[in-house]
Amino acid sequence: MKILCCLLLCLLLGGCASYGTEEQMMVVLLGVDQESDGNIRVIAKVPSFSSGGDGNSASSSDGYLTLTASTPDFSSALTLLHATAPRALNYSQTRQLLLSSDVLLHHTDLLYQLSHVDGMRSQTAVSVCEGKAEDVISAEKAVVGTRLSRYIDSTLETALQEGYIPDSTLIRVHTQLDNGYQDALLALTGLSAGDQQQSGKENSVQAFTQSTDGLAGKLPSTSGKSVQWMGAAAMDGRQLSGFLSGFETSLCRFLMQETRELTFETQEATAVFTPRYGPHLSVKQTGSQTTLSVRADLNMLPKYGAQISPSTADALITDEILRLLSTLQSMQCDALGFGSRAVRNYLTLDDWENSRWKETYATAQVAADIRIIRMDE
């Protein structure tokens, strides 16, 4: 009886697996570009479940198909993609949504539309690239392992732990689009400099003091990956307003208490800062004067090179925080969520909505009170 039950279970499970691979195509990556004629191009990367693809122009040697459709708007492009795909498209396993900066600049409702795609996985990572999304999607391969979905999960998890990209899941971005309290940061990705050269594009590797103070696609990295993850696209509501480097992104996440360590480099030394108190963000409004403040007591752990004195560390970190706040203000991006603090100063939501917080935020004074409490050998 037990043997019969096991055989029946195997048959049932086998039937489900067959249905998944034969009747549906699981979209691993979905990208959106804007073409030179203004059309919207939608790109989907799906497993082909056959070695070397199926021999058509959309197949690739890594066992994945790239499906595309172009029309004047996103909704019709997605409809055409579904109509011309060889199987029904399923988004329950989609790992990454990739938007070109061009399409995000010209179509401010695109993120909202993507969040309402039927069956889209809520934990899908939303990302932006400065070039063509299709180029990045074509280059994305599992450098470690064989499954692209698992490779993307692991790569994102590593980058998030390091703090150099924001946590930009679809459900989180959707809640931040119009809430008025905090703006979204989207993970930044791009082709490595070597792959840009091979494709005939300009190789614009950046030089900077902080090794992580750069943007994806412009890093002098030799990790072997064709696609880099570093930095963030800053949003002003639904509008793309600028880019933050990897270090600026890590500082943002540290100030929001999403990470517990901040690596800081000087020409002579590298140190790691951990919180002892805070970081604490506050908004002080006195009459027409508004001040955005950051307060934190930090432990400093020397990592490489010479020691940095606590007073020097105070000055360096304070300067970086003030520079970050000013940068976000210039982008009209309240990524740190000062709005969620400011709203407490108003008695009603009507008062808050009439306060024109974004204008106040852009012109507010900034202050930082940072103290180094302990320095460990």
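Being a predicted model, the structure only gives us computed values, none of them experimental.

Definitions and limits used
Residues numbered from 1 in each chain as written. Predicted model: local features only at pLDDT ≥ 70, side-chain atom pairs only at ≥ 80, totals over all residues. Heavy atoms only, no water. Helix = DSSP H or I, 4+ residues; strand = E, 2+ residues; numbered from the N terminus. Buried < 20%, exposed > 50% of the residue type's maximum accessible area, 1.4 Å probe, protein only. Polar contact = N/O pair within 3.5 Å; in protein donor to acceptor, adjacent residues only side chain to side chain. Pairing = 2+ DSSP bridges. Axes fitted to C-alpha atoms, helices over the stretch in contact; angles between N-to-C directions. Contact = heavy atoms within 4.5 Å. Arc of directions from axis to C-beta. Expected span 1.5 Å × (residues − 1). Core = buried A, V, L, I, M, F, W, Y, C linked by side-chain atoms within 4.5 Å.

What to know about the side chain of Thr259
Now for step 1: Along the polypeptide, Thr259 turns up in the loop between helix H9 (246-255) and strand E11 (262-265).
Now for step 2: Judged by relative accessible area, Thr259 falls into the buried class, the value being 9%.
Now for step 3: Within the structure, the side chain of Thr259 is placed 3.5 Å from the backbone nitrogen of Phe254, a separation counted as a polar contact.

Examining unusual backbone geometry
Now for step 1: Across the junction of Gly278 and Pro279, the peptide omega takes the value -5°, indicating a cis bond.
Now for step 2: Structurally, the position occupied by Pro279 is in strand E12 (residues 269-286).
Now for step 3: Residues other than glycine seldom take positive phi values, yet Gln257 does so here, at roughly 60°.
Now for step 4: Mapping Gln257 onto the fold places it in the loop between H9 and E11.
Now for step 5: Phi at Gln332 is positive, roughly 60°, even though this residue is not glycine.
Now for step 6: Looking at the element boundaries, Gln332 is found in the loop between helix H10 (310-330) and helix H11 (338-342).
Now for step 7: Using a relative accessible area of 27% as the deciding quantity, one classes Gln332 as partly exposed.

Brief notes about the pairing of strand E6 (residues 96-100)
Side-chain direction in a regular strand flips from residue to residue, so the side chains alternate between the two faces of the sheet.
Now for step 1: Of all five residues making up E6, five are buried, and the element is well covered by its neighbours.
Now for step 2: Residues Gln96, Leu98 and Ser100 point to one face of E6 and Leu97 and Leu99 to the other, with burial holding for every one of them.
Now for step 3: Sheet topology places strand E2 (residues 29-34) next to E6; four bridges connect them, and they run parallel. Residue pairing for E6: Leu30 is matched across the bridge by Leu97.
Now for step 4: The pairing of E6 with strand E7 (residues 125-129) spans five bridges and is classified as parallel. Bridge assignment links Leu98 to a residue of E7, and that residue is Ser127.

Some thoughts on the sheet that holds strand E8 (residues 185-191)
Now for step 1: Read from one edge to the other, the open sheet built from eight strands follows the order E4-E3-E2-E6-E7-E8-E9-E10, with strand pairing classed as mixed. Each of the sheet's edge strands pairs with one partner strand only, and the pair in question is strand E4 (64-71) and strand E10 (239-244). Ignoring which end each strand starts from, the neighbouring axes of this sheet average 30° apart.
Now for step 2: Strand direction decides the pairing type here: strand E3 (residues 40-47) and E4, joined by eight bridges, are antiparallel. Across the sheet, residue Ile43 finds its bridge partner in E4, namely Thr68.
Now for step 3: Seen against the sheet, H9 touches E8, strand E9 (227-236) and E10 and runs at an angle of roughly 105° to E10.

A short note on helix H2 (residues 74-84)
Residue pairs spaced three or four apart in an α-helix point in one direction, given the helix's 3.6 residues per turn.
Now for step 1: If you check which residues of H2 are buried, you get Phe74, Ala77, Leu78 and Leu81. End-on view of H2: buried residues confined to an arc of 100°, all on one side of the axis. For H2, the exposed residues lying more than 90 degrees away from the buried face are Thr79, Ala83 and Thr84.
Now for step 2: Regarding H2, its N-cap is Asp73, as a side-chain oxygen of that residue lies 3.3 Å from the backbone nitrogen of Ser75 further along.

So, H10
Now for step 1: Between its terminal C-alpha atoms H10 stretches 30 Å, which fits the 30 Å expected from 21 residues at 1.5 Å a residue.
Now for step 2: Buried within H10 are the following residues: Ala313, Ile317, Thr318, Glu320, Ile321, Leu324, Leu325, Thr327, Leu328 and Gln329.
Now for step 3: Directly after H10, the chain includes Gln332, whose backbone phi takes a positive value near 60°.

Here we look at the nonpolar core
What tends to happen in soluble globular proteins is that the nonpolar side chains get buried as a cluster.
Now for step 1: Ranked by internal contacts, the top residues of the largest apolar core, which has 43 residues, are Leu30, Phe74, Leu81, Tyr91, Leu111 and Leu186.
Now for step 2: For Leu81, the residues in contact, after removing those within four places along its chain, are Leu30, Val42, Ala44, Leu67, Thr68, Ala69, Leu89 and Tyr91.
Now for step 3: Counting 42 residues, the second largest nonpolar core, distinct from the first, contains Leu262, Ile317, Met331 and Trp352.

Structural measurements only, silent on function.
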